[in-house]
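Observations on the model geometry
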Amino acid sequence: MKRFAMMMLFLLLAATVSAADYTVKPLPLPGGTTAGIAMDYIAFHAATNTVWVPAGATGAVDVIDASTKKIRQVTGFPTKEITVRDRKRVMGPSSVTFGDGEVFIGNRGDNSVCAVHPKTLVRGRCQVLDSMPDGLAYVGPTKEVWVTTPRDKSIRILDAGTLHEKSKLTFEGNPEGFAVDAKRHRFYTNLEDKDRTLAIDLTSHKTEATWNPGCGEDGPHGLRIDEKAGHLFVACSAKVEVLNAGGDGAILSSIDTGNGVDDFDYAGGLVYVGAARDGKLTIARADSSGHLSLVASVPTAAGARNPAVAKNGDVFLAHGGGTASSDLIVVSPAASPEPTQAELEKEAKISMEKARDIALAKVPHGKIASEELEREHGKLIYSFDIKTSQPGVTEVNVDAMNGHVIDVHHETPKAEATEKKQEAKHPR
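This text gives an overview of the structure that appears in the document. Because the structure is a prediction, the values reported are computed rather than measured.

Our focus in this paragraph is the overall build of the chain. Regarding its fold elements, the chain presents four helices and 34 strands. By its C-alpha atoms, the chain is 65 × 60 × 45 Å across when sized along the principal axes. When the 428 residues of the chain are sorted by exposure, 50% land in the buried category. Of the contacts formed within the chain by residues at least 6 apart in sequence, a portion of 44% connects residues at least 24 apart. If you sum the accessible surface of the chain, you get close to 19,900 Å²; carbon and sulfur atoms cover 52% of it.

The pairing of strands in a sheet comes from backbone hydrogen bonds and takes either a parallel or an antiparallel form. Taking strand neighbours across the sheet as the criterion, the four strands line up as β2-β3-β4-β5 in an open arrangement whose pairing is antiparallel. Each end of this open sheet is capped by a strand with a single partner; those strands are β2 (43–45) and β5 (71–74). Here the average twist between neighbouring strands, direction ignored, is 30°. For strand β4 (residues 61–65) and β5, the ladder comprises four bridges, and the chain directions are antiparallel. Directly across from isoleucine 64, in β5, lies its bridge partner isoleucine 71.

Once that is clear, we can look at helix α3 (residues 352–362). Taken together, the buried positions of α3 are Met352, Ala355 and Ala359. The buried residues of α3 all sit within an arc of 65° when viewed along its axis, so they share a single face. Opposite the buried face of α3, at more than 90 degrees from it, the exposed residues are Asp357 and Ala361. The inward-facing, buried residues of α3 abut β31 (367–376), β32 (379–387) and β33 (393–399).

With that settled, consider the state of the cysteines. This structure, assessed with the given rule, holds two disulfides. At a sulfur-sulfur separation of 2.0 Å, the disulfide partner of cysteine 114 is cysteine 126. Disulfide cysteine 114-cysteine 126: the torsion about the S-S bond is 110°, which places it as right-handed. Here cysteine 114 is found in strand β10 (residues 112–116), whereas its partner cysteine 126 is found in strand β11 (residues 123–128), with 12 residues between them in sequence. Two residues, cysteine 215 and cysteine 236, share a disulfide whose sulfurs are 2.0 Å apart. Residues cysteine 215 and cysteine 236 are joined by a disulfide whose S-S torsion is about -60°; by sign, that bridge is left-handed.

The subject of this paragraph is the packing of aromatic side chains. Considering all chains together, one arrives at seven aromatic pairs under this definition. For the cation-ring pair, arginine 224 lies above phenylalanine 264, with the distance from its terminal atom to the ring centre recorded as 5.6 Å.

Side chains of a nonpolar character, in soluble globular proteins, are inclined to be buried together. Ranked by internal contacts, the top residues of the largest apolar core, which has 17 residues, are Val51, Val53, Ile64, Phe316 and Leu328. Counting only elements with at least two residues in this core, the list comes to β3 (50–54), β29 (315–319) and β30 (327–333). In this structure, valine 51 is in contact with Ile42, Ala43, Phe44, Asp62, Val63, Ile64, Ala308 and Phe316, ignoring residues within four places of it in sequence.

What follows covers the sheet that holds β33. If you trace the four strands from one edge of the open sheet to the other, you get β31-β32-β33-β34, paired in antiparallel fashion. Sheet topology places β31 and β34 (405–411) at the edges, where each strand pairs with a single neighbour. Pairs of neighbouring strands in the sheet enclose a mean axial angle of 20°, with direction left out of account. Here six bridges tie β32 to β33, and the two strands are oriented antiparallel to one another. For phenylalanine 384, the partnering residue across the bridge sits in β33 and is valine 396. The strands touched by α3 within the sheet are β31, β32, β33 and β34, with β32 carrying the most contacts at an inclination of about 50°.

Our focus in this paragraph is the pattern of salt bridges. If the charged atoms of two oppositely charged side chains come close together, the side chains can form a pair. Evaluation of the coordinates by the stated rule reveals 19 salt bridges. A salt bridge links arginine 305 to aspartate 40; the shortest N-O distance between them is 3.7 Å. On the criterion of sequence distance, the pair formed by arginine 305 in strand β28 (residues 304–309) and aspartate 40 in the loop between β1 (22–28) and β2 is long-range, its members being 265 residues apart. A salt bridge links arginine 186 to glutamate 208, with the nearest nitrogen and oxygen atoms 3.0 Å apart. Of this pair, arginine 186 sits in strand β17 (residues 186–191) while glutamate 208 is found in strand β19 (residues 207–211), placing the two residues 22 residues apart along the sequence. The class of arginine 186 is buried, set by a relative accessible area of 13%. Glutamate 208 gets classed as partly exposed once you look at its relative accessible area, which sits at 44%.

On to the environment of valine 116, then. Structurally, the position occupied by valine 116 is in strand β10. For the pair valine 116 and glycine 101, spaced 15 residues apart in the sequence, the C-alpha separation amounts to 9.5 Å.

Definitions and cut-offs
Residues numbered from 1 in each chain as written. Predicted model: local features only at pLDDT ≥ 70, side-chain atom pairs only at ≥ 80, totals over all residues. Heavy atoms only, no water. Helix = DSSP H or I, 4+ residues; strand = E, 2+ residues; numbered from the N terminus. Buried < 20%, exposed > 50% of the residue type's maximum accessible area, 1.4 Å probe, protein only. Contact = heavy atoms within 4.5 Å. Areas by Shrake-Rupley, 256 points an atom, 1.4 Å probe, with all protein chains shown as cover. Pairing = 2+ DSSP bridges. Axes fitted to C-alpha atoms, helices over the stretch in contact; angles between N-to-C directions. Arc of directions from axis to C-beta. Disulfide = S-S within 2.5 Å. Phe/Tyr/Trp six-rings, centres within 6.5 Å; stacked < 30°, edge-to-face > 60°. Lys NZ or Arg CZ within 6 Å of the ring centre and 35° of its normal. Core = buried A, V, L, I, M, F, W, Y, C linked by side-chain atoms within 4.5 Å. Salt bridge = Lys/Arg side-chain N within 4 Å of Asp/Glu carboxyl O.

Dropping the structure here:
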């Protein structure tokens, strides 16, 4: 027993030391009142290095530069007052997803889904649904936006190009949470009131599997997928679990997070979970077998939940109610000396030459304009800017440990110039 107690003390001290490696700061949002700003889903947009925050009752979506923390807004979204559990609340934009070069915003104020340009912030076409939207997920393989509408126990499937409703899927419970698995051609959601997790085929829309996460009375909430590993992460109210989505859906591991969990984020093999009631952020690592281990437990603020992780490692947490606040909470890893290229090269399993060949295979007739070995989200990657006869550059990121292509995207000359300015202001 004494030995066990000493071990537990060591683990607690280790977590405390990890927490000291992070700074926690509020980021006030515009338009806040004494009632605060209730937020739900937020997300990081890698192509523009911005965090998108649908800001509810303000009728705006706040777009935050992840490096400078400067805020721009998409305004003019309708709002409406409703009564929830004998309390009046003003509803507005509350969810966001990205795909096919656009941003899609779900608005509880008028039950609409609207497309927004990620750079100009100009709002385009909208589609009004006959039920209030909750979560949005862009589905790349079918070029659709799937919308959970739990009030009538359904999911609406919209054509991403037109936003016209193509299908309505109905269930025996309330859909909550989402994850898209292109490798297995599946969409995952939970039935929150039934404590079940579903795997749905993207084309036939049939439920291929039903799993029991065992979250209890509150049911399961957010979802994330590691497609390569076949691991589906499921948020319960006070823990996160890993299900074997590549197999029988069995629970592989879980980790306690504190109470008040809703949505969460997953990046670079790390799970980021905000517990609103307990006011803390849990960061955990998932290994290849699906085992979760604690990296850090960081005190935040009451109401801080639903994190979005930027590529520099900053974690933005939305305010989910319970107390009045108009702030995001930003948790940042403490600055550490940047490793040299020689030090990074010792870590890499794939040589620069081999990674270069892999990148060029993705851009026919291209020529390397610049190349770099760097660490993003804890992952070691080669980043190549490749020039072709077309204006701008194509950036290809290659995993330095296994040679897999992580990302390919094209940057216009204007976007390239903007990125270079940001890098000059905030050197690596």
